[in-house]
Amino acid sequence: MATGFFWDERCFWHAGGNYAMMLPVGGLVQPLPGGLPENPETKRRLKNLLEVTGLIRELDVRHAAMVTEEDLLRVHPQSYLTAFREMSDAGGGELGLRTPFGPGGYEIAKVSAGLAKEALFATLRGEIDNAYALSRPPGHHCLPDFPNGFCLLANIAIAVEAAFAAGMVDRVAVLDWDVHHGNGTEAIFYDRDDVLTISLHQERNYPLDTGDFDDRGSGAGDGFNLNIPLPAGAGHNTYLEAMERLVIPALADFQPDVIIVACGYDAAALDPLSRMLATSETFRLMTTMVKEAAALLCDGRLVLVHEGGYLEAYVPFCGHAVIQELSGSRITAPDPMLDTFNARQPGPRFENYCSVLLAEMEDALIAN
């Protein structure tokens with residue numbers, strides 16, 4: 001068996017609308033090549049790098065069918081799906097906050113969710129050891145009836161609900177290390193005790209009004225949602241400390257049947273939509289930690305679903321490091337910026353401040 005790599009060319013054809021970064025074009029805002037930060041190049045260049053180094057030849061490369069309407073209705077109401085499909089058929093538009101799409105956008109979003117679903121199903125069926133889904137558009141911000149933050153369908157939630165419906169799982173853990181809070185996934189499972197949601201993110205980045213540590217779930221889900229908001233500039237060591245002190249113990253306590261990672265790379269240094277200082281090694285080592293946890297907790301069942309990351313020249317090196325670690329390959333793509341980003345890491349005083357914040361969160365979890 002091997003690591004499955006799920007992709008589809010159609011995902012690169014998702015249209016990002018008439019934007020210049022986060023600003024609608026018009027008035028004094030001139031058009032910008034590429035439009036939104038969420039454009040095809042980060043994902044396409046990651047796949048290209050896998051091809052050039054040869055790592056892709058060590059992966060089990062697969063495609064996937066679109067998710068079905070039945071799959072979608074487990075998460076999204078019919079009214080939302082109908083509005084999305086009709087606007088897509090009419091040439092595209094924008095239903096929510098910064099979620100533009102062009103003709104056929106509905107079908108492309110169903111392909112993206114299908115990659116996540118099949119990556120999960122193939123892993124649960126034991127056909128592959130673990131999996132990486134190169135999904136686009138992303139999904140972790142999408143609420144059942146409101147798309148936002150570039151996300152049009154809740155890819156991971158759709159895959160998880162399909163696995164529950166098929167009787168393939170009883171307990172699922174979703175770890176989100178995208179730099180932005182995984183508000184959509186959190187909201188969908190907030191009152192559930194069979195899905196543990198963990199979000200490791202930059203505090204008050206996006207959305208501004210979600211992601212607080214005190215938001216722990218409600219009803220049956222009380223204690224099954226964990227937010228770990230980090231201050232801007234937290235850096236490599238703080239990410240690894242957060243994983244060691246908070247994330248891995250939470251996974252161990254929950255004992256999931258499978259771990260799914262919402263794998264965004266926008267915590268990387270110089271990403272235009274964050275102020276963190278993660279490097280390719282940060283993502284590699286976090287993958288090592290969660291892979292080891294999966295080996296201990298759920299027979300290695302681990303699925304990574306691509307989310308954000310907007311530094312086109314650097315995301316491929318982060319993704320390559322993750323997929324190399326996931327697959328156990330010896331094929332490397334040396335990071336040309338690693339020494340520079342390592343030299344820009346925070347000093348001991350700020351790292352100690354971050355460590356105190358993590359200790360406070362750890363103590364609060366123990367007390368509860």
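Everything that follows concerns the structure shown earlier in this document.
First, a word on scope: everything that follows refers to the structure included in this document. All values derive from a computational prediction rather than experimental measurement. (Residues numbered from 1 in each chain as written. Predicted model: local features only at pLDDT ≥ 70, side-chain atom pairs only at ≥ 80, totals over all residues. Heavy atoms only, no water.)

### Here's the deal with the sheet that holds strand E4 (residues 60–62)
The 8 strands are arranged E4-E1-E7-E12-E11-E8-E9-E10 in an open sheet whose pairing can be described as parallel. Here the strands that pair on one side only, and so sit at the sheet edges, are E4 and strand E10 (225–230). Between one strand and the next, the sheet's axes are offset by a mean angle of 15 degrees, whatever the strand orientation. Pairing analysis gives 3 bridges linking strand E7 (residues 130–133) to strand E12 (residues 302–306), with the strands arranged parallel. By the bridge assignment, Ala131 is partnered in E12 with Val303. Across the sheet, helix H5 (residues 155–165) is in contact with strand E8 (172–176), strand E9 (195–202), strand E11 (258–263) and E12; its angle to E11 comes to roughly 165 degrees. Packed on one face of the sheet, helix H7 (residues 235–254) meets E8, E9, E10 and E11 and runs near 170 degrees to E9. (Pairing = 2+ DSSP bridges. Helix = DSSP H or I, 4+ residues; strand = E, 2+ residues; numbered from the N terminus. Axes fitted to C-alpha atoms, helices over the stretch in contact; angles between N-to-C directions. Contact = heavy atoms within 4.5 Å.)

### A short note on unusual backbone geometry
Here the residue pair Arg136 and Pro137 is connected by a cis peptide bond, since its omega of 5 degrees sits within 30 degrees of zero. Residue position: Pro137 is located in the loop between E7 and H5. In this structure, the amide linkage connecting Tyr206 to the following residue, Pro207, adopts the cis form with an omega of -15 degrees. Examined against the element boundaries, Pro207 turns out to sit in the loop between E9 and E10.

### Some thoughts on the pairing of E8
Among the 5 residues that make up E8, 5 are buried, leaving the element largely enclosed by the rest of the structure. Burial of the side chains of E8 extends over both faces: Val172, Val174 and Asp176 are buried on one face and Ala173 and Leu175 on the other. Relative to E9, E8 runs parallel, the two sharing 5 bridges. Within E9, the residue paired with Val172 across the bridge is Val195. Read from E8 through helix H6 (residues 183–189) to E9, the crossover connection turns out right-handed. (Buried < 20%, exposed > 50% of the residue type's maximum accessible area, 1.4 Å probe, protein only. Right-handed = clockwise from strand over helix to strand, strands pointing away.)

### Focus on the side chain of Asn183
Relative to the elements of secondary structure, Asn183 occurs in helix H6. On the basis of relative accessibility, which here comes to 7%, the residue Asn183 falls in the buried class. Of the polar contacts made by the side chain of Asn183, one reaches the side chain of His141; its length is 2.6 Å. Excluding its chain neighbours within four sequence positions, the residues that come into contact with Asn183 are His140, His141, Leu143, Asn148, Pro207 and Thr210. (Polar contact = N/O pair within 3.5 Å; in protein donor to acceptor, adjacent residues only side chain to side chain.)

### Here we look at helix H11 (residues 348–367)
Look at H11: 28 Å from first C-alpha to last across 20 residues, which is about the 28 Å you get at 1.5 Å a residue. All of the buried residues along H11 are Glu351, Cys354, Ser355, Leu358, Ala359 and Met361. The buried residues of H11 occupy an angular sector of 165 degrees when projected down its axis, which confines them to one face. Residues of H11 that are exposed and point over 90 degrees away from its buried face: Arg349 and Ala367. (Expected span 1.5 Å × (residues − 1). Arc of directions from axis to C-beta.)

### Digging into the environment of Cys11
Structurally, the position occupied by Cys11 is in the loop between strand E1 (3–6) and strand E2 (19–20). Residues Cys11 and Arg136, 125 residues apart in the sequence, show an inter-C-alpha distance of 5.2 Å. When near neighbours in sequence (up to four residues on either side) are disregarded, Cys11 contacts Ile108, Val111, Ser112, Leu115 and Arg136.

### Considerations on the pattern of salt bridges
A complete count under the given rule lists 21 salt bridges for this structure. The shortest N-O distance in the salt bridge between Arg125 and Glu118 comes to 2.4 Å. Residue Arg125 is classed as partly exposed on the basis of its relative accessible area of 41%. The exposure class of Glu118 is partly exposed, given its relative accessible area of 21%. Linked by salt bridges that have partners in common, Asp60, Arg62, Glu118, Arg125 and Glu127 make up one network. (Salt bridge = Lys/Arg side-chain N within 4 Å of Asp/Glu carboxyl O.)

### Observations regarding the packing of H7 against helix H8 (residues 280–297)
Where H7 meets H8, the closest approach of the two axes is 10 Å, and the angle between their N-to-C directions is 15 degrees. Of the possible angle classes, the one that applies to H7 and H8 is roughly parallel. The crossing of H7 and H8 is right-handed. Residue-level inspection shows His236, Tyr239, Leu240, Met243, Glu244, Ile248, Leu251 and Ala252 of H7 in contact with H8, the latter providing Glu281, Thr282, Leu285, Met286, Met289, Val290, Ala293 and Leu297. Looking at the contact of H7 with H8 residue by residue, the classes come out as 12 nonpolar, 2 polar and 2 charged. (Parallel < 35°, antiparallel > 145°, perpendicular 65-115°, else oblique. Left-handed = near helix turned anticlockwise from the far one by under 90°. Nonpolar A, V, L, I, M, F, W, Y, C, P; charged D, E, K, R; others polar.)

### Quick word on the state of the cysteines
Under the criterion given, the structure shown has 0 disulfides. Cys11 carries a free sulfur, and the closest cysteine sulfur to it, the one in Cys151, is 13 Å from it. Cys11 sits in the buried class, given a relative accessible area of 0%. Not engaged in a disulfide, the cysteine Cys142 finds its nearest cysteine sulfur in Cys151; these two sulfurs lie 6.8 Å apart. On the basis of relative accessible area, Cys142 is assigned to the buried category, the value being 0%. (Disulfide = S-S within 2.5 Å.)

### Notes on the packing of helix H3 (residues 78–89) against helix H4 (residues 105–124)
Here H3 crosses H4 at 125 degrees, and the two axes come no closer than 7 Å. As far as their axial angle goes, H4 and H3 are oblique. The segment H3 lies against H4, with Leu81, Phe84, Arg85, Ser88 and Asp89 engaging Gly105, Tyr106, Glu107 and Ala109. Among the residues making up the contact of H3 with H4, the classes are represented as 4 nonpolar, 2 polar and 3 charged.

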